[in-house]
Amino acid sequence: MRKICKGDTVIIIAGRDKGKQGEVLQMVQDGKKVLVSGVNTVKKHAKPNPSKNEVGGIVSKTMPLDVSNVAIYNPETKKADRVGIKQEDGKKFRIYKSTGKTVEAGVK
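Attention in this report is confined to the structure presented alongside it.

Cut-off values and rules
Positions within a chain are numbered from 1, following the residues in the order the chain's sequence is written. Restriction of local features to residues with pLDDT of at least 70 applies here, the model being predicted, together with a cutoff of 80 or more for giving and counting side-chain atom pairs; totals for whole chains, interfaces and linings are based on all residues. Note: side-chain values were computed over all heavy atoms of the structure, leaving out hydrogens and water. Each helix is a run of DSSP H or I of at least 4 residues and each strand a run of E of at least 2, with the numbering of both proceeding from the N terminus. For this measure, only C-alpha atoms enter the radius of gyration; the expected value for a globule follows 2.2 Å times N^0.38, where N is the number of residues. For every residue, the accessible area (1.4 Å probe, protein chains only) is compared with the maximum for its type, and the residue is labelled buried under 20%, exposed over 50%, or partly exposed between those bounds. Only heavy atoms matter for contacts: two residues are in contact if any of them lie within 4.5 Å across the pair. Each accessible area value is a Shrake-Rupley result obtained with a 1.4 Å probe; residue values ignore everything except the protein chains displayed when judging cover. Counting rule applied: Lys, Arg positive; Asp, Glu negative; His and chain ends not counted. To locate a charge, take NZ of a lysine, CZ of an arginine, CG of an aspartate or CD of a glutamate. Only buried residues count toward a nonpolar core. Its members are Ala, Val, Leu, Ile, Met, Phe, Trp, Tyr and Cys residues joined through side-chain atoms within 4.5 Å. By salt bridge we mean one thing: a side-chain nitrogen of Lys or Arg within 4 Å of a carboxyl oxygen of Asp or Glu.

1. Structural notes on the overall build of the chain
The secondary structure content of the chain amounts to zero helices and ten strands. Helices (α) and strands (β) of the chain occur, in sequence order from the N terminus, as β-β-β-β-β-β-β-β-β-β. In terms of overall size, the chain is more extended than a compact globule, its C-alpha atoms giving a radius of gyration of 17 Å where 108 residues would be expected to give roughly 13 Å. Taking all 108 residues of the chain together, 26% fall into the buried category. Pairs at least 24 residues apart make up 40% of the contacts formed inside the chain by residues separated by at least 6 positions. When the accessible surface of the chain is totalled, it reaches about 7600 Å², and 50% of it is carbon and sulfur. For the chain, the distance from the average position of its 23 positive side-chain charges to the average position of its 11 negative side-chain charges is 6 Å.

Encoded structure:
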């Protein structure tokens with residue numbers, strides 16, 4: 001079970017976007033990297049491709065972050081938190097380490 005999943009609200013704890021929050025859009029490279037909305041955007045120069053009807057120019061693109069540089073956001077404490085995994089009756093679920101309550105984000 002992963003500690004950070006798609007749909008979780010996370011805070012960036014390292015890098016140039018430190019302190020920003022966003023939602024995890026996608027897990028990349030077998031869970032080693034995450035795409036976070038509105039964070040780590042870069043400008044890419046794209047060539048025009050007439051066969052795909054793409055125009056050229058400078059395009060903003062969201063790049064993946066390493067999962068070690070993000071922490072899950074705890075709305076109760078309004079801070080970054082660590083995640084633990086608890087098992088009861090054969091079912092695993094994620095909990096916040098600071099409060100012990102279950103993580104409800106990521107389930108839609």
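Continuing now.
2. Some words on the nonpolar core
Across soluble globular proteins, nonpolar side chains show a tendency to be buried alongside one another. By size, the foremost hydrophobic cluster in this structure holds nine residues: Ile4, Val10, Ile12, Val24, Val34, Val36, Val39, Leu65 and Val70. For this core, the secondary-structure elements that each account for two or more residues are strand S1 (9-12) and strand S3 (33-36). In this view, valine 70 contacts Ile4, Val10, Ile11, Ile12, Ile13, Val34 and Leu65; residues no more than four positions away in its chain are not counted.

3. Focus: the pattern of salt bridges
With the rule as written, the count across this model stands at three salt bridges. Measuring nitrogen to oxygen at the nearest pair gives 2.8 Å for the salt bridge that ties aspartate 8 to arginine 94. Of this pair, aspartate 8 sits in the segment before S1 while arginine 94 sits in strand S10 (residues 91-96), and the two are 86 residues apart along the sequence. Here glutamate 76 and lysine 101 are joined by a salt bridge, their closest N and O atoms 3.3 Å apart. Of the two residues, glutamate 76 sits in the loop between strand S7 (70-74) and strand S8 (79-81) while lysine 101 sits in the segment after S10, which places them 25 residues apart along the sequence. Overall, glutamate 76 belongs to the partly exposed group, its relative accessible area being 47%.

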